[in-house]
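Residue-level listing of the chains:
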Amino acid sequence: MKPALAIALRAAGSLAALAVVAAAGWAGYDALARRPIDAVRFTGDAARVPTADLERLASGLRGREAREVSLQDVREAVNRLAWVRECSVRRVFPATLEVTVEAHVALARWDETRLVSVRGEVFAAEQEGELPLFSGPEGTGAEMAAAWEGIRRAAAPLGSPVTELRLSARRAWQAKLASGLVLDLGRADVEARLARFAAAWPQVAELAATATHADLRYGSGFALRGVAAAGNGKAPKGGRA
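Since this is a predicted model, take the numbers as computed values, not measurements.

Calculation notes
- Residues numbered from 1 in each chain as written.
- Predicted model: local features only at pLDDT ≥ 70, side-chain atom pairs only at ≥ 80, totals over all residues.
- Heavy atoms only, no water.
- Helix = DSSP H or I, 4+ residues; strand = E, 2+ residues; numbered from the N terminus.
- Buried < 20%, exposed > 50% of the residue type's maximum accessible area, 1.4 Å probe, protein only.
- Contact = heavy atoms within 4.5 Å.
- Areas by Shrake-Rupley, 256 points an atom, 1.4 Å probe, with all protein chains shown as cover.
- Salt bridge = Lys/Arg side-chain N within 4 Å of Asp/Glu carboxyl O.
- Phe/Tyr/Trp six-rings, centres within 6.5 Å; stacked < 30°, edge-to-face > 60°.
- Polar contact = N/O pair within 3.5 Å; in protein donor to acceptor, adjacent residues only side chain to side chain.
- Arc of directions from axis to C-beta.
- Pairing = 2+ DSSP bridges.
- Axes fitted to C-alpha atoms, helices over the stretch in contact; angles between N-to-C directions.
- Core = buried A, V, L, I, M, F, W, Y, C linked by side-chain atoms within 4.5 Å.
- Right-handed = clockwise from strand over helix to strand, strands pointing away.

### Describing the overall build of the protein
Okay, step 1: On a plain count of helices and strands, the protein comes out with 5 helices and 12 strands.
Okay, step 2: When the 241 residues of the protein are sorted by exposure, 36% land in the buried category.
Okay, step 3: Residue pairs at least 24 apart in sequence account for 42% of intrachain contacts in the protein once pairs closer than 6 positions are excluded.
Okay, step 4: Accessible surface computed for the protein: about 13800 Å², of which carbon and sulfur atoms make up 56%.

### So, the pattern of salt bridges
Okay, step 1: Tallying each qualifying case throughout the model produces 17 salt bridges.
Okay, step 2: Its salt-bridge partner being glutamate 55, residue arginine 62 comes within 2.5 Å of it at the nearest N-O pair.
Okay, step 3: Judged by relative accessible area, which is 41%, glutamate 55 ranks as partly exposed.
Okay, step 4: Ionic pairing is found between arginine 90 and glutamate 98, a salt bridge with its closest N-O pair at 2.8 Å.
Okay, step 5: Judged by its relative accessible area of 44%, arginine 90 is partly exposed.

### Describing the packing of aromatic side chains
Okay, step 1: With the rule as written, the count across this model stands at 4 aromatic pairs.
Okay, step 2: Centroid distance tryptophan 83 to phenylalanine 123: 5.3 Å. Interplanar angle 65 degrees. Geometry classified as edge-to-face. On the criterion of sequence distance, the pair formed by tryptophan 83 in the loop between helix H3 (71–79) and strand S2 (84–92) and phenylalanine 123 in strand S6 (residues 122–124) is long-range, its members being 40 residues apart. With respect to class, tryptophan 83 is no different from phenylalanine 123; both count as buried.
Okay, step 3: Between phenylalanine 134 and tryptophan 148, the aromatic rings sit 5.6 Å apart at their centres with planes inclined by 50 degrees, giving tilted as the arrangement. Taken as a pair, phenylalanine 134 in strand S7 (residues 133–135) and tryptophan 148 in helix H4 (residues 141–155) lie far apart in primary sequence, 14 residues in all.
Okay, step 4: Here the aromatic cluster, defined as three or more aromatic residues joined through ring pairs, consists of Phe197, Trp201 and Phe222.

### What to know about the side chain of aspartate 215
Okay, step 1: Here aspartate 215 lies in strand S11 (residues 213–215).
Okay, step 2: Looking at aspartate 215, the relative accessible area reads 5%, which means it is buried.
Okay, step 3: A distance of 2.9 Å separates a polar atom in the side chain of aspartate 215 from a polar atom in the side chain of arginine 217.

### Here we look at helix H2 (residues 51–59)
Okay, step 1: Buried within H2 we find Asp53, Leu54, Leu57 and Ala58. Relative to the axis of H2, the buried residues are bounded by an arc of 130 degrees and lie together on one face. H2 presents Thr51 and Arg56 as exposed residues on the side facing more than 90 degrees away from its buried surface.
Okay, step 2: On its buried face, H2 sits against strand S1 (39–44) and H3.

### Comments concerning the sheet that holds S1
Backbone-to-backbone hydrogen bonds pair the strands of a sheet. The strands run either parallel or antiparallel.
Okay, step 1: In space, the 3 strands of this open sheet follow the order S1-S3-S2, with mixed pairing throughout. A single partner strand is all that each edge strand has here, and the edge strands are S1 and S2. Pairwise comparison of adjacent strand axes, ignoring direction, gives a mean angle of 25 degrees for this sheet.
Okay, step 2: Its contacts with the sheet put H3 on S2 and strand S3 (96–103), and the angle it makes with S2 is roughly 150 degrees.

### Things to note about the nonpolar core
Okay, step 1: Ranked by size, the top nonpolar core spans 35 residues in total, and within it Phe134, Trp173, Leu183 and Phe197 carry the most contacts.
Okay, step 2: For this core, the secondary-structure elements that each account for two or more residues are strand S4 (106–109), H4, strand S8 (162–167), strand S9 (173–177), strand S10 (182–186) and helix H5 (190–204).
Okay, step 3: Broken down by element, this core gets its largest block of residues, 7 residues, from H4.
Okay, step 4: Setting aside anything within four residues of it in sequence, one finds tryptophan 173 in contact with Glu143, Met144, Ala147, Ile151, Leu165, Arg166, Leu167, Leu183, Asp184, Leu185, Gly186 and Val190.

### Thoughts on the pairing of S8
Okay, step 1: One ladder, built from 3 bridges, connects S7 with S8; its direction is parallel. Looking at S8, one finds that serine 135 is bridged to arginine 166.
Okay, step 2: After leaving S7, the chain enters H4 and then returns to the sheet as S8, a path that is left-handed.
Okay, step 3: Here S8 runs beside S9; their pairing, made up of 5 bridges, is antiparallel. Considered in S9, the bridge of leucine 165 is made with alanine 175.
Okay, step 4: Taken together, S8 and the strand that follows it, S9, pair antiparallel across an intervening segment of 5 residues, in which arginine 171 is found at a positive phi of about 65 degrees.

Below, the structure is given as structure tokens:
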């Protein structure tokens, strides 16, 4: 046999073998693609997402051929569920979808239907139990979440927790305590002003029992409104910021 012919025959044999392997691989892939999804497995923070929502989504996927299910579509569907911040989806051999969920952690209420997460993200979900209420211009959730812990901690010695935190369009802060007392905090040095007020609180608590507002925007003191006429609780002279 001529060398050139032998080489051609060997090449043809190699190509035929490759074709057989490719066909077998395609057949195997096609068989897997046609296999119905047996299970949908949720991991991560899935326990924070309503079970009924997850089961409803899973039931719509089970039994469908894998080739009919787009991972991107599943990801988008999961991300629309309440409490889901983001998720990832992957196929697990032979017929399982694994959905890993990262859920929001609620920090406060934003309005009647939305919450603010510890990351400062505003999202729609239902939450039972007591949470502080944040009020501010749209887009300020992150700013308010970042300020919350310092304000909450500075107000703790007052013995009445902060139930509402407000931020005006001019970036002036206001806090309302469970007792009903409203604290005007201004736009700067908020924690320092609160700490100064908390330190003085034992001396004025009895006088301030009927107070409705405390204006902490003075450089060296504060003013109380709504106190009994016997003592007006006026702050020392000083400008407000």
